[in-house]
Amino acid sequence: MKQQIENIKQEFAQELQNATSVANLQELRVKYVGKSGVVTGLLRQIKDVAPQDRASVGNMINDLRKGVEVQLAETEEKFAQVELENKLKAEQIDISLLNGQQWGTRHPIDKVKDEIIDLFKGIGFEVCEGPELETDYYNFQALNIPLEHPSRDMQDTFYINDNILLRTQTSAMQARLMEKKGPPIKMLCPGKVFRADSDASHSPVFHQIEGLVVDTDITLRDLKGTLEYVAQRLFDEQTQVRFRPSYFPFTEPSVEVDLTCCNCHGKGCSLCKGTGWIEVLGAGMVNPFVLENCGIDSNKYTGYAFGFGIERMAMIKYGIPDIRLFFENDIRFLKQFKK
Ligand code: PHE
């Protein structure tokens, strides 16, 4: 029996040496010290051993079991360590790769919008936003554009149904503000607007900023001074503002506003098509009909309104030739506005 135990010890040592994984060790554990393993088998045989030898044989079997368990545990720890190292090596992340990652930047439209808003805020304008889904009433009728009025053709409208549309102009906010707030009003309303139009200078969705001032004694000169102040800070100190007569149903008189070309400073270049001036926005004195529609006494109050496209401002400021670049999200284009 003693010889048998000795043999098993060696057999185990040999098998342990051949083991290459934690799974192999588990098999050995079951085989030698498991419930119906080799050691249990030996213990069963004790009854056949001569009584005087039972104690020493029993001790040998116990030593064998302890030895097997200790060696298995030690080897297992070694294997686990190696397996962990291999796993870590295999799953290693090369953090130097992150250097090639493209980080996002603020969109140029967002930057120009905030720059313009800050300038107006500096001279007392409040900022608010309105709904993009608008009623026909606020987008058109309240602005002195009745149903069937030919001026509706100036803007190609996306209708949701007879009454609801995607607003074509932030001017839709004018009547909402006048109705809700009443004078004095000095507000700026930035937001998305929508028109069925698409080419190098028109996008079906673009951004506008509306300005509305209603108070006593407001004149066209207030409008001109305000626009000049902002334009000179947005472009450069030499920028001049020019009004040309125009037509909008909701302003009377209406003007088209030009700025001296920020590229050639009025000499004439390709940006201003040789004229020295760039058309940037529509504006005018709030039509008394609109004031009265919104419950404001047009004998007591006057107001001015203006509206312009943020994309157009950004195109002029940065010399961008095609409005579609703003919406393509090409990283090479966006990257240029990092600073
Ligand atoms: N809403 C006009 C447009 O989109 C611009 C405008 C705004 C004109 C305010 C006059 C007054 O073309």
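You'll find the structure just up there.
As the structure is a prediction and not an experimental result, all values here were calculated from the model.

## Looking at the packing of aromatic side chains
Aromatic ring pairs are defined here through the distance separating the ring centres and the angle between the ring planes. By the definition in use, this model includes 10 aromatic pairs. Ring geometry for Phe248 and Phe250: centres 5.9 Å apart, planes at 35 degrees, overall tilted. Phe250 carries the same exposure label as Phe248, and that label is buried. The interplanar angle of 5 degrees and the centroid separation of 6.2 Å between the aromatic rings of Phe306 and Phe308 together place this pair among those described as stacked.

## Quick word on the site of the ligand
The local shell around the ligand holds 15 residues, among which Gln169, Ser171, Arg195, Gln208 and Gly307 are the closest. Interatomic distance of 2.8 Å between a side-chain N/O atom of Arg195 and an oxygen atom of the ligand. In this structure, an oxygen atom belonging to the ligand sits 2.9 Å away from a side-chain N or O atom of Gln208. About the coverage of the ligand: the protein hides 92% of its 330 Å² of free accessible area. Of all elements in the fold, only β5 (205–215), β8 (277–286) and β9 (302–309) reach the threshold of two or more residues within the shell around the ligand. Here the shell around the ligand gets three residues from one element, more than from any other, and that element is β9. Across the shell around the ligand, the residue classes tally to five nonpolar, eight polar and two charged.

## Quick word on the packing of helix α5 (residues 108–122) against helix α10 (residues 310–318)
Here α5 crosses α10 at 95 degrees, and the two axes come no closer than 9 Å. Taken as axis vectors, α5 and α10 run roughly perpendicular relative to one another. Along the contact surface, α5 presents Ile109, Val112, Lys113, Glu115 and Ile116, while α10 presents Ile310, Glu311, Met313, Ala314, Lys317 and Tyr318. Looking at side-chain class alone, the contact of α5 with α10 contains seven nonpolar, no polar and four charged residues.

## So, the pattern of salt bridges
Under the definition given, this model contains 12 salt bridges. The partner of Arg324 in a salt bridge is Asp322, with the nearest N and O atoms 3.0 Å apart. The exposure class assigned to Arg324 is partly exposed, which follows from its relative accessible area of 36%.

## Re α10
Since the α-helix advances by 3.6 residues per turn, residues separated by three or four positions end up pointing in the same direction. Taken together, the buried positions of α10 are Ile310, Glu311, Met313, Ala314, Met315 and Ile316. Buried-residue contacts for α10 involve α5, β5, α8 (220–234), β8, β9 and α11 (325–328). Directly beyond the C-terminal end of α10, a positive phi value near 65 degrees is found at Gly319.

## Details of the packing of helix α1 (residues 2–18) against helix α4 (residues 51–90)
At a minimum axis separation of 10 Å, α1 and α4 run at an interaxial angle of 5 degrees. As the angle between them shows, α1 and α4 are arranged roughly parallel. Contacts from Lys2, Ile5, Glu6, Ile8, Lys9, Phe12 and Leu16 of α1 reach α4 at Ser56, Val57, Met60, Ile61, Leu64, Val68, Gln71, Leu72 and Thr75. Here the residues of the contact of α1 with α4 sort into 10 nonpolar, three polar and three charged.

## What to know about the pairing of strand β7 (residues 251–260)
Where burial is concerned, most of β7 is hidden: eight out of the 10 residues are buried. Examined bridge by bridge, strand β6 (residues 241–248) and β7 share seven bridges and lie antiparallel to one another. In the strand pairing of β7, Arg244 is matched with Glu256.

Rules of the game
Residues numbered from 1 in each chain as written. Predicted model: local features only at pLDDT ≥ 70, side-chain atom pairs only at ≥ 80, totals over all residues. Heavy atoms only, no water. Phe/Tyr/Trp six-rings, centres within 6.5 Å; stacked < 30°, edge-to-face > 60°. Buried < 20%, exposed > 50% of the residue type's maximum accessible area, 1.4 Å probe, protein only. Near = heavy atom within 4 Å. Polar contact = N/O pair within 3.5 Å; in protein donor to acceptor, adjacent residues only side chain to side chain. Areas by Shrake-Rupley, 256 points an atom, 1.4 Å probe, with all protein chains shown as cover. Helix = DSSP H or I, 4+ residues; strand = E, 2+ residues; numbered from the N terminus. Nonpolar A, V, L, I, M, F, W, Y, C, P; charged D, E, K, R; others polar. Axes fitted to C-alpha atoms, helices over the stretch in contact; angles between N-to-C directions. Parallel < 35°, antiparallel > 145°, perpendicular 65-115°, else oblique. Contact = heavy atoms within 4.5 Å. Salt bridge = Lys/Arg side-chain N within 4 Å of Asp/Glu carboxyl O. Pairing = 2+ DSSP bridges.

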